[in-house]
Amino acid sequence: MTSDYRERIVASSNDRVAWIRARSRGVTATDAAKLASDASVEQVVRDKVLGTGFTGNAFTDHGRAREPEIAKWVAREHGIVSSQDLFHASGQPRHLATPDGVAELGGTLVLSEIKTTRSAWRSIPRAYLRQVWWQQYVLGAERTLVIWEQHVDFVPISAVPQCQWVERDENQIAMLVGRADQVLERLTSFA
């Protein structure tokens, strides 16, 4: 496995200003999660141009507080180390992603994505799958370990989070790339 993904680091979330500025110029995994249909392209464009006004709430605060602890578990149990880096796709500097974890295991690039939720999941929600497939595309990863910790009133219900591997899906990735390119094309009309 080539490590060329390391050469495609755009910014680190440790430098919040640079990270936010870089994210504003492209399509991120957060944006890709919303690209469920052709109609959703316009909503993502509006959000990029006007902003969403969302700055967080008690649930996002809880997720930010728990993520480092869950990431330690992921590193210990699965060997995937935490990452704060924003990467761009090979050959496409405006296709961007900041996975929660990155590792080369057995010659294969793998990622992790950490979520906290108050809901019991029967399966990984589709928006999160789109986010995962986008990250896999951007970094060139083959699979992603999605880890989720359920809580009640912000107290985890288990000492061990749940997790599931998600394999790369080229059909889903192609669909997301097409919609992301539509977003970028529409954004040029606002430049």
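For every chain, the first residue of its written sequence is number 1, and the numbers climb from 1 along that sequence. For a predicted model such as this one, the threshold for reporting local features is a pLDDT of at least 70, and the threshold for listing and counting side-chain atom pairs is 80 or more; totals across whole chains, interfaces and linings nevertheless cover every residue. Only hydrogens and water are removed before side-chain values are computed, so all heavy atoms of the structure are retained for them.

Visitor: Lay out helix α5 (residues 126-139) in plain terms, naming residues and giving numbers.
Guide: What sets the pattern is the α-helix's 3.6 residues per turn: residues three or four places apart point alike. Its 14 residues place the ends of α5 20 Å apart at the C-alpha level, agreeing with the 20 Å of an ideal helix rising 1.5 Å per residue. Here α5 lies mainly inside the structure; 11 of its 14 residues are buried. Listing the buried residues of α5 in full gives Leu 129, Arg 130, Gln 131, Val 132, Trp 133, Trp 134, Gln 135, Gln 136, Tyr 137, Val 138 and Leu 139. A run of H or I in DSSP becomes a helix once it reaches four residues, and a run of E becomes a strand once it reaches two; helices and strands are each numbered from the N terminus. The first or second residue beyond α5 is Gly 140, which carries a positive phi of 85°. Helices are assigned an expected span. That span is 1.5 Å times one less than the residue count. Per-residue accessibility, obtained with a 1.4 Å probe over protein chains only, is compared with the maximum for each type, and a residue is labelled buried under 20%, exposed over 50%, and partly exposed between these values.

Visitor: Now, about the packing of α5 against helix α6 (residues 170-188): what can you tell me, with residues and values included?
Guide: Lines are fitted to the C-alpha atoms to define the axes, a helix being fitted only along its stretch in contact, and any angle between axes, read from their N-to-C directions, falls within 0 to 180 degrees. Contact pair α5 / α6: the axes reach a minimum separation of 9 Å and the direction vectors enclose 85°. Classified by the angle between their axes, α5 and α6 sit roughly perpendicular to one another. Residues Arg 126, Arg 130, Trp 133, Trp 134 and Tyr 137 of α5 form the contact with α6, whose participating residues are Gln 172, Ile 173, Leu 176, Val 177 and Ala 180. Taken together, the residues of the contact of α5 with α6 break down into 7 nonpolar, 1 polar and 2 charged. The labels follow the angle: roughly parallel below 35 degrees, roughly antiparallel above 145, roughly perpendicular from 65 to 115, and oblique for the rest. Pairs of residues are marked as contacts when any of their non-hydrogen atoms sit within 4.5 Å. The residue classification treats Ala, Val, Leu, Ile, Met, Phe, Trp, Tyr, Cys and Pro as nonpolar and Asp, Glu, Lys and Arg as charged. All others, Gly included, are polar.

Visitor: So what about the pairing of strand β4 (residues 92-97)? Which residues, and what values?
Guide: Whether two strands pair comes down to DSSP finding at least two bridges between them. Both strand β3 (residues 85-89) and β4 contribute to a ladder of 3 bridges, which runs antiparallel. By the bridge assignment, Phe 87 is partnered in β4 with Ala 97. The hairpin formed by β3 and β4 contains 2 residues between the paired strands, and Gly 91 there has a positive phi angle of roughly 80°.

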